[in-house]
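Architecture and fold: a report
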Amino acid sequence: MRPLTSLMGLCALSITLATTVASAQSADVDHGAMDHSGMDHGAAQAPAPAATDHGNMDHGDMGHDGATQAAATAPAAPPVGSLPASDGAALDGAATDGAAPAGAAERGYDSYGIHPHMMDDMPAWQVLFDKFGVSRNRDGQNALQWDGRFWFGTATDRLLVKSEGERENGEGSDGKVEAFWSHAVSPFWDLQLGARRDIGNGPKRNWAAIGIEGVLPYNIELETTAYVGASGRTALALKAEYDLLLTQRLIFTPELEASLYGKSDPARGIGSGLSEGSLSFRLRYEVTREFAPYIGVSFDRKFGQTARYASDAGASRSQTALMAGVRFWF
Amino acid sequence: MPRIGHDTPFAAPRAALSRRRFVQGLATGGALASLGAWRSALAASTGPAATELRGTEFHLEIGETPVNFTGAARIATTVNGQLPAPLLRWREGDTVTLHVTNRLREQTSIHWHGILLPSDMDGVPGLSFGGIDPGQTFTYRFPVRQSGTYWYHSHSGFQEQTGLYGAIVIDPHHPPAIAADRDYTVLLSDWTDEDPMRVFNKLRVMPDYYNGIQPSVQSLSADAHGRGWGPALSERLMWEQMRMNPTDLADVSGATYTFLTNGATPAGNWTGLFKPGERIRLRFINGSAMTYFDVRIPGLKMTVVAADGQDVRPVDIEEFRIGVAETYDVIVEPKDARAYTIFSQAMDRSGYARATLAPRAGMQAEVPQLDRVQWLGMRDMGMAHGAPGDVPADTGASGHGAMNHGDAHAKHPKAATDATHAMPATPSAQGGMVQVKHPYPAERGVGNSMLPDVVSTRLDDPGVGLRDNGRRVLTYADLHSVHPPEDNRAPSREIELHLTGNMERYMWSFNGVKFSDAKPILLRYGERVRFVLVNDTMMTHPIHLHGLWSDLESPDGAFQVRKHTITLNPAQRLSYRVSADARGRWAYHCHLLYHMEAGMFRAVVVE
């Protein structure tokens with residue numbers, strides 16, 4: 001019971017984290033918020049070291065606070081700050097559309113007979129296999145590995161289908177297929193609602209899924225998905241990766257994956273709590289952007305009850321594997 | 001020190017093709033004559049830029065023509081079988097009639113860029129008219145009320161990328177103040193062998209697809225070699241932390257583009273002839289889909305005499321940046337009987353267009369090396385500490401809040417002399433850094449990933465890549481119209497638009513609202529309005545208002561120069577006045593083709 005409670009807590013935490021990350025987004029990108037202090041600091045105190053270089057600087061001006069300066073330096077203060085109301089402007093003291101024809105701002109293109117053919121709503125799509133190849137572990141077992149996705153949609157709303165897993169030689173397979181509606185909630189983050197189906201050995205579990213996917217500061221790509229299935233099953237999957245360009249074509253990718261479960265599922269060899277973790281390093285060479293062979297190494301480890309299930313089945317708790325394959329998209 | 005991209009440029013789509021041939025193009029490349037025969041290399045590259053059509057009545061037939069610029073045969077969209085389209089020579093005061101026939105299998109249109117005309121003659125499908133359907137002829141007719149250098153191009157789909165652009169030269173009523181012995185149009189453009197729709201889709205799937213100068217360990221170590229690991233690493237981390245790319249200088253690069261001068265590849269080397277001592281007027285037009293060019297003619301001083309067709313007070317320079325859709329007329333006076341290279345390098349230094357001025361066909365001058373890539377700096381991000389000279393060491397220090405001013409500025413005393421700390425308290429002719437507010441809710445939405453803190457109002461910043469390069473580079477601060485506008489009233493109201501974008505998703509818009517979700521901007525006929533543009537993004541955008549002049553103001557709010565297309569550097573604030581003196585529906589957009597199609601477009605209605 002305890003693992004379940006803690007896992008539920010973890011799920012909740014992850015979602016909270018997700019939301020926080022997503023909402024913190026606007027603050028993140030808003031330099032006004034982020035670096036403002038730096039700015040004021042600069043304006044107010046910077047002269048000390050910087051001034052030595054400013055031969056022709058007028059120190060008398062430095063005392064102004066930012067707002068005064070902004071007002072003072074605005075080009076010949078405009079008669080009326082009138083902004084397109086249709087964009088929802090809310091500039092302090094600005095009369096929106098003050099001088100525009102009354103009520104006109106509410107009218108759309110149709111009422112002016114405007115029908116240009118723009119492509120800003122045109123959907124795009126992509127099939128991407130981040131991993132498509134083989135692995136060979138220390139025990140000499142070979143497996144086929146894949147991690148791919150397909151999406152179709154606009155910049156903000158997409159149908160997303162993901163699948164990852166591996167098929168071992170003669171040992172069966174393990175994997176999942178997921179489908180989401182992926183909706184942009186901030187410049188760098190998507191909220192994803194959908195479902196997952198487990199494939200491979202054992203019962204085929206179905207799950208409802210909610211996740212976030214996006215880019216963390218420092219360009220770390222993060223996918224977190226929380227799942228709820230039948231019989232009170234819960235799960236959480238985490239994946240983070242970073243593309244380090246060694247050159248324009250040679251790219252090194254550390255990737256960290258973890259999965260957690262709220263409830264043991266012996267039929268699939270899964271124990272509750274942190275069940276599996278994997279750290280991998282891939283090195284790919286982009287022959288073209290679309291086609292990049294890779295080699296890599298992965299360190300996988302099962303934890304807790306999951307590890308015991310594995311031991312009972314004669315498999316090892318941890319495994320090291322070499323991998324090779326192709327990253328490709330079209 | 002400029003930033004350096006040491007890596008081999010990424011030539012993604014052309015891996016198999018010899019890099020040299022791809023960049024240089026074929027010497028004999030270009031449009032095949034309509035009869036199907038190759039034009040000879042000499043005929044293709046010497047003399048007038050394109051067939052010149054004069055008079056008051058013109059027949060233009062838009063069709064498909066086989067071309068070969070890189071060794072691969074492709075189909076271009078052409079006018080009368082030519083790429084670039086024929087030079088149209090009009091006379092101020094005439095009424096011109098242009099019969100445009102569509103021989104394509106899709107709709108087409110021609111927009112007369114920078115020309116004052118009734119809005120139903122402006123040629124934007126869905127705004128001015130319904131477009132020209134296959135097999136149809138549309139007749140444009142309008143009085144010519146101006147003179148100077150302009151151009152025309154398709155406003156349908158991606159036809160502008162596939163070759164449908166040409167020069168317009170309008171001779172003034174009275175003989176020009178600046179006489180010249182020779183007069184050449186120099187039309188710069190970017191050609192891709194790829195289907196532009198594929199280019200657009202690649203950008204939407206992988207926005208940095210064509211960027212071959214990205215920060216890498218290789219460039220980091222070169223950087224560290226120059227100034228130590230501390231500053232190099234801290235700057236890199238700062239960019240990583242922000243999830244921004246300091247090398248996002250061009251969305252589409254020489255990885256797919258071959259750059260053309262008057263339809264000739266660098267190897268094709270279009271050549272304009274002169275006799276030593278002659279005055280030559282070069283009418284530069286940037287007819288690219290996506291490429292900013294930095295143009296110079298080593299060995300020759302250039303005197304800029306017109307911008308966007310409008311006479312400006314002559315200014316002597318060595319180099320100028322020409323935004324997409326802008327035009328500049330320059331006078332050169334070569335004294336020696338030698339060849340001179342017209343070198344137009346792409347802003348991201350991924351390639352160049354090249355042409356030659358020479359006393360005899362076949363002569364060549366040295367072609368300069370591409371300049372080193374200069375990274376975007378703090379000022380381009382709208383962070384407070386940006387110094388005008390794009391000071392790399394500066395960026396590392398202030399990016400983290402852990403500011404180390406001594407370290408940041410000590411190495412760059414020159415750049416710091418007019419640094420942003422010296423904020424003027426009153427409007428000044430030079431401008432400075434001002435704080436900006438972001439009044440539009442959608443600016444904080446999905447479609448905009450940057451909100452600059454402070455923006456520059458300076459016109460004397462040549463922009464990233466040209467700062468402190470040791471040459472006399474033209475800036476907007478140098479441009480002063482010879483004649484003030486007839487309507488020089490002070491504006492009665494102000495419309496503020498923020499240029500917004502999210503490179504991660506390839507979204508582009510004004511005020512965070514893309515075209516489809518926006519409503520028209522309304523102007524009342526006869527009013528004089530100030531447009532204030534704030535560039536939230538880290539890219540340079542050419543903003544074009546159809547049908548109405550954009551009278552650029554100096555930072556202190558005085559009229560300075562009349563233009564039809566206005567370039568904004570990253571984190572820059574500019575203002576210009578517009579007289580709503582032509583009724584109708586007008587397009588208003590970023591002239592980077594893929595930005596426009598992605599939604600950086602508004603309709604302006606004058607009623």
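Right above here is the structure, for reference.
In short, a report on the structure. Going along each chain's sequence as written, the residues are numbered from 1 onward. Chains and ligands are labelled by the order in which they are written, letters from A for the one and numbers from 1 for the other. The model is predicted, so local features are restricted to residues of pLDDT at least 70 and side-chain atom pairs to those at 80 or more, both for listing and for counting; the totals for chains, interfaces and linings are taken over all residues.

A look at the overall build of chain B
Working definition: helices are DSSP H or I runs of at least four residues, strands are E runs of at least two. Numbering for both runs from the N terminus. Regarding its fold elements, chain B presents 10 helices and 34 strands. Three exposure classes are used. Buried residues have 20 or more other C-beta atoms within 10 Å of their own C-beta, exposed residues have 12 or fewer, and partly exposed residues fall in between, all C-beta atoms being placed from the backbone. Counting only residues that meet the buried cut, chain B has 65% of its 607 residues in that class. Note on contacts: residues are paired as contacts if their backbone-placed C-beta atoms lie within 7 Å. A sequence separation of at least 24 residues applies to 77% of the contacts in chain B between residues at least 6 apart.

Focus on the overall build of chain A
Along chain A, the regular secondary structure elements total 6 helices and 13 strands. Out of the 330 residues belonging to chain A, those deemed buried represent 34%. Long-range contacts, defined as pairs at least 24 residues apart, comprise 44% of the intrachain contacts of chain A with a sequence gap of at least 6.

A closer look at the pairing of strand E11 (residues 182–192) of chain B
Residues and elements named next belong to chain B. Counting buried positions over the 11 residues of E11 gives 9, a clear majority of the element. Strand pairing requires that DSSP identify at least two bridges connecting the strands. For E11 and strand E14 (residues 280–286), the ladder comprises 7 bridges, and the chain directions are parallel. Across the sheet, residue Val186 finds its bridge partner in E14, namely Phe284. Here E11 runs beside strand E12 (residues 257–261); their pairing, made up of 5 bridges, is antiparallel. Paired with Leu188 across the bridge in E12 is Thr261.

Some details on the nonpolar core
Working definition: the nonpolar core is a set of buried Ala, Val, Leu, Ile, Met, Phe, Trp, Tyr and Cys residues, joined through C-beta atoms within 7 Å. The biggest cluster of nonpolar side chains holds 171 residues, and the ones touching the most others in it are Ile168, Phe284, Val304, Leu533 and Val604 of chain B. Non-local contacts of Ile168 of chain B, meaning those with residues more than four positions away in its chain, are made with Leu88, Trp90, Trp112, Tyr150, Trp151 and Tyr152 of chain B. If you look at the next biggest cluster of nonpolar residues, it comprises 13 residues, including Phe180, Ala226, Leu260 and Leu274 of chain A.

Side note on unusual backbone geometry
Note that the residue after Leu83 of chain B, namely Pro84 of chain B, is joined by a cis bond; omega there is -5°. Position of Pro84 of chain B among the secondary structure elements: in the loop between strand E4 (73–79) and strand E5 (85–91). With a phi angle near 60°, Asn219 of chain A is a residue other than glycine that sits in the positive phi range. Take Asn219 of chain A: it is sitting in the loop between strand E6 (206–216) and strand E7 (220–229).

As for helix H3 (residues 196–205) of chain B
Restricting attention to buried positions, one finds in H3 of chain B the residues Pro196, Val199, Phe200, Lys202, Leu203 and Arg204 of chain B. Considering only its buried residues, H3 of chain B is in contact with strand E1 (124–137) of chain A together with E11 and helix H10 (593–597) of chain B.

As for the environment of Thr247 of chain A
With respect to the secondary-structure elements, Thr247 of chain A resides in the loop between strand E9 (244–245) and strand E10 (250–261). It is 42 Å that separates the C-alpha atoms of Thr247 of chain A and Ser311 of chain A, two residues lying 64 residues apart in sequence.

Topic: the sheet that holds E12 of chain B
Residue and element names in this part refer to chain B. Overall, mixed pairing links the 6 strands, which are arranged E12-E11-E14-E19-E16-E17 in an open sheet. Lying at the two open borders of the sheet, with one neighbouring strand each, are E12 and strand E17 (310–317). This sheet shows a mean twist of 20° between the axes of neighbouring strands, independent of strand direction. Axes, fitted as lines to C-alpha atoms, cover a helix only where it is in contact. Angles between the N-to-C directions of the axes lie from 0 to 180 degrees.

A look at the environment of Leu245 of chain A
Relative to the elements of secondary structure, Leu245 of chain A occurs in strand E9. In this structure, the C-alpha to C-alpha distance between Leu245 of chain A and Leu283 of chain A, residues 38 residues apart in sequence, is 9.8 Å. For Leu245 of chain A, the contacting residues outside a window of four places in its chain are Ile251 of chain A together with Gln214, Pro215, Ser216 and Val217 of chain B.

Some thoughts on the environment of Tyr109 of chain A
Considering the arrangement of structural elements, one finds Tyr109 of chain A in the loop between helix H5 (66–73) and E1. C-beta crowding within 10 Å serves as the criterion here: with 19 such atoms nearby, Tyr109 of chain A is assigned to the partly exposed category. Taking C-alpha positions, Tyr109 of chain A is 45 Å from Glu164 of chain A, a pair spaced 55 residues apart along the chain. Ignoring sequence-local partners within four residues, the contact set of Tyr109 of chain A consists of Ile114 and His115 of chain A together with Pro520 and Ala603 of chain B.

Examining the pairing of strand E6 (residues 95–102) of chain B
Bridge analysis of strand E3 (residues 57–68) of chain B against E6 of chain B gives 6 bridges, and the strand direction is parallel. By the bridge assignment for E6 of chain B, Leu60 of chain B is matched with Val100 of chain B.

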